[in-house]
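Each chain, letter by letter, is given below.
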Amino acid sequence: MNILVVGSGGREHTFAWKLKQSPLCDQLFIAPGNAGTASCGTNLNIKPTDFEALKNAALEHNIEMIVVGPEDPLVNGIYDYFANQIDTKHIQVIGPSAEAAQLEGSKGYAKAFMKKYNIPTAAYAAFDNTSFEVGVQYIRKHSLPIVLKADGLAAGKGVLICNSHEDALKEFELMIKQSKFGEAGNKVVIEQFLKGIEVSVFVLTNGKEYIILPEAKDYKRIGEGDTGLNTGGMGAISPVPFFNGDLKNKIISKIIEPTINGFQSEQLIYEGFVFIGLMIDNDEPYVIEYNCRMGDPETEVVIPRIKNDLVEIFQAIKKNTLHTIEILTDARTATTTVAVSGGYPEQYTTGELIEGLSDLPNNDCIIFHSGTAKSNEKIITNGGRVLAVTAFGENIPVAKERSSQLLSTIHFNNMYYRSDIGFEFI
Ligand code: AMP
Ligand code: GLY
């Protein structure tokens with residue numbers, strides 16, 4: 001079959017790389033893709049939220065499956081758009097309906113869902129302009145630190161951890177009264193601070209059955225030792241050393257099962273990935289957030305560890321045969337290190353020539369492109385996050401060293417990467 005991947009980052013390059021290996025995949029298209037995806041299939045210059053153009057391309061190229069990478073098109077209803085039209089409803093879209101995508105698109109929706117289905121998460125309350133004064137009182141009495149979250153999508157910037165009441169009150173006012181995060185901050189979730197260690201689990205579901213994919217941990221801060229500004233993600237590891245059988249069983253019984261049961265009770269249409277961000281405190285898991293898609297750069301370590309045919313797994317969603325699939329994982333550790341443009345996550349330049357991409361030392365390393373483009377047959381930078389270099393090894397230090405080592409042979413102006421991915425386990 002012909003398959004279309006929607007998105008343009010390292011996550012989408014990883015999907016394209018994996019799907020291309022399936023004997024079930026004939027032609028592969030990526031919209032809009034990057035210089036890396038161009039080596040797996042055909043890039044189409046279409047924005048992920050331009051559903052009409054995606055539909056025209058899908059019909060023109062006889063697409064039967066659409067794998068959606070980022071959250072925007074999902075929250076904006078790409079699943080429903082294809083499912084509800086006579087000429088496109090035969091096309092399988094991997095993702096949730098718009099209603100179900102609110103698990104990521106609205107923090108208030110996600111918190112109410114967790115409360116209703118007794119899924120462990122931080123205590124919270126939600127406020128908007130009509131309840132602003134009540135919110136102020138709530139903050140005044142809240143223990144420190146106080147976590148403020150813009151309800152809607154805010155490109156990873158909508159979460160603030162405030163260490164004083166003054167700070168929290170100021171930010172609360174900026175969000176509600178001054179639209180600091182635009183419409184996304186019209187409603188604000190205020191929640192208890194969770195301590196512990198983070199891990200992300202990934203589930204593929206059809207709303208009734210599910211399979212669990214390898215877990216991962218990402219490194220969000222720009223600086224070594226987890227310091228400095230938050231980013232989209234500077235690296236990731238999989239597997240995660242403390243993720244043992246006992247913890248996994250707890251996560252299944254207290255979080256995954258109630259989540260899928262909740263989908264059924266709410267009659268949510270969900271035929272895609274659920275990314276569950278967890279905090280583990282004293283061996284107890286709490287949900288920090290749901291995302292309605294795979295993570296980036298988590299995908300760059302999770303997908304390469306899966307040995308199964310990804311197209312077959314996706315087909316099982318529609319066939320109601322997910323329960324028959326056994327995920328076969330590479331026992332080795334994978335780490336990915338993200339090379340970014342200097343200045344990211346703030347101001348940075350693009351259009352820098354990338355050199356050293358051609359020589360792959362061995363098959364323990366894969367170079368995924370995040371923000372790259374082709375210009376006159378040369379590959380140039382085209383975003384904050386530029387490359388994600390994934391390496392396998394028998395443990396984290398070996399894998400990490402291989403990805404750092406390969407990155408040291410690649411060059412572009414003002415290139416920066418963390419050389420301590422997985423540091424707390426080394
Ligand atoms: P998000 O934008 O929802 O992914 O949140 C960004 C990061 O903020 C998370 O990965 C956590 O590190 C942190 N965070 C979010 N909520 C909480 C919380 N209730 N307690 C502690 N840290 C949190
Ligand atoms: N790496 C975090 C995310 O994709 O949301």
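Fair warning: this is a prediction, and the values are worked out from it, not measured in the lab. (Residues numbered from 1 in each chain as written. Chains lettered and ligands numbered in written order. Predicted model: local features only at pLDDT ≥ 70, side-chain atom pairs only at ≥ 80, totals over all residues. Heavy atoms only, no water.)

Q: Before we move on, could you go through the packing of aromatic side chains and cite the residues and values that matter?
A: One pass over the full model with this rule turns up 16 aromatic pairs. A centroid spacing of 4.7 Å and a plane angle of 5° characterise the contact between F263 and Y270, whose relative ring orientation is stacked. Judged by its relative accessible area of 1%, F263 falls in the buried class. Here F273 and F314 contribute two aromatic rings whose centre-to-centre distance is 5.8 Å and whose plane-to-plane angle is 85°, an arrangement assigned as edge-to-face. Taken together, the residues F273 in strand β17 (residues 273-281) and F314 in helix α11 (residues 310-319) connect sequence positions 41 residues apart. Here F273 falls in the buried class, since its relative accessible area comes to 4%. On the basis of relative accessibility, which here comes to 0%, the residue F314 falls in the buried class. It is K177 that lies over the ring of F132; its NZ or CZ is 4.6 Å from the centre. (Phe/Tyr/Trp six-rings, centres within 6.5 Å; stacked < 30°, edge-to-face > 60°. Buried < 20%, exposed > 50% of the residue type's maximum accessible area, 1.4 Å probe, protein only. Helix = DSSP H or I, 4+ residues; strand = E, 2+ residues; numbered from the N terminus. Lys NZ or Arg CZ within 6 Å of the ring centre and 35° of its normal.)

Q: I'd love a proper account of the sheet that holds strand β10 (residues 197-205), names of residues and values included.
A: Across a sheet, strands are paired by hydrogen bonds formed along the backbone, either parallel or antiparallel in direction. Strand order across the open sheet formed by four strands is β11-β10-β17-β18, with antiparallel pairing between neighbours. Since the sheet does not close on itself, it has two edges, and those belong to β11 (210-212) and β18 (284-291), each with one partner. When the angles between neighbouring strand axes are averaged without regard to direction, this sheet yields 35°. Pairing of β10 with β17 involves eight bridges; the strand directions are antiparallel. Bridge pairing in β17 links L204 to F273. (Pairing = 2+ DSSP bridges. Axes fitted to C-alpha atoms, helices over the stretch in contact; angles between N-to-C directions.)

Q: Help me get a handle on the sheet that holds strand β16 (residues 270-271), residues and values and all.
A: Strand order in the open sheet formed by six strands is β3-β2-β1-β4-β5-β16, with mixed pairing between adjacent strands. Both edges of this open sheet fall to β3 (42-43) and β16, since each of them pairs with a single strand only. In this sheet, strand β5 (residues 92-96) lies alongside strand β4 (residues 63-68) in parallel orientation, the contact comprising three bridges. Within the sheet, the bridge partner assigned to V67 lies in β5 and is I94. Each of β1 (2-7), β2 (28-32) and β4 is contacted by helix α1 (residues 10-19), which is oriented at about 165° to β1, the strand it contacts most. Of the strands in this sheet, β1, β4, β5 and β16 touch α11, which is tilted by about 80° from β5. (Contact = heavy atoms within 4.5 Å.)

Q: Explain the site of ligand 2 residue by residue, including any values.
A: Inspection of the region around ligand 2 gives D218, G232, F275, N291, R293, G295, D296, P297 and E298 as its neighbouring residues. In this structure, G232 approaches ligand 2 through a main-chain N or O atom, which is 3.2 Å from a nitrogen atom. Protein chains bury 87% of the 200 Å² of accessible surface belonging to ligand 2 in isolation. Classifying every residue of the shell around ligand 2 gives two nonpolar, three polar and four charged. (Near = heavy atom within 4 Å. Polar contact = N/O pair within 3.5 Å; in protein donor to acceptor, adjacent residues only side chain to side chain. Areas by Shrake-Rupley, 256 points an atom, 1.4 Å probe, with all protein chains shown as cover. Nonpolar A, V, L, I, M, F, W, Y, C, P; charged D, E, K, R; others polar.)

Q: Help me get a handle on helix α7 (residues 132-141), residues and values and all.
A: In an α-helix there are 3.6 residues to a turn, and that puts residues three or four apart on one side. Those residues of α7 that sit buried are F132, G135, V136 and I139. Along the axis of α7, the buried residues cluster in a sector spanning 105°; they form a single face. Residues of α7 that are exposed and point over 90 degrees away from its buried face: E133, V134, R140 and K141. (Arc of directions from axis to C-beta.)

Q: Can you lay out unusual backbone geometry for me, pointing to particular residues and giving the numbers?
A: The amide bond that connects L144 to the next residue, P145, takes the cis arrangement and shows omega of -10°. Within the fold, P145 resides in the loop between α7 and β7 (146-150). Residue P345 follows Y344 across a cis peptide bond; omega there is 10°. The backbone of Q267 sits at a positive phi, close to 55°, despite the residue not being glycine. Position of Q267 among the secondary structure elements: in the loop between α9 (245-265) and β16.

Q: Account for a nonpolar patch on the surface, with residues named and values stated.
A: A cluster of nonpolar residues, V159, I161 and F193, forms a patch on the protein surface that exposes about 250 Å² of accessible area. Along the chain, V159 turns up in strand β8 (residues 159-162). Residue classification places V159 among the partly exposed positions, given a relative accessible area of 38%. (Patch = residues over 30% accessible without salt bridge, like charges linked within 9 Å, V, L, I, M, F, W, Y side chains within 5 Å. Salt bridge = Lys/Arg side-chain N within 4 Å of Asp/Glu carboxyl O.)

Q: So, the layout of surface pockets: which residues are in play, and what are the values?
A: Computed from the structure, the second largest pocket encloses a volume of approximately 280 Å³. Taken together, 13 residues line the second largest pocket, and the ones lying closest to its centre are I212, L213, P214, K248 and T329. When its residues are assigned to classes, the lining of the second largest pocket shows eight nonpolar, one polar and four charged. (1 Å grid on protein atoms, 1.4 Å probe; cavity = no way out; pocket = protein on both sides within 12 Å on 5 of 7 lines; lining within 4 Å. Points joined across faces, edges and corners; volume = space filled by probe spheres on them.)

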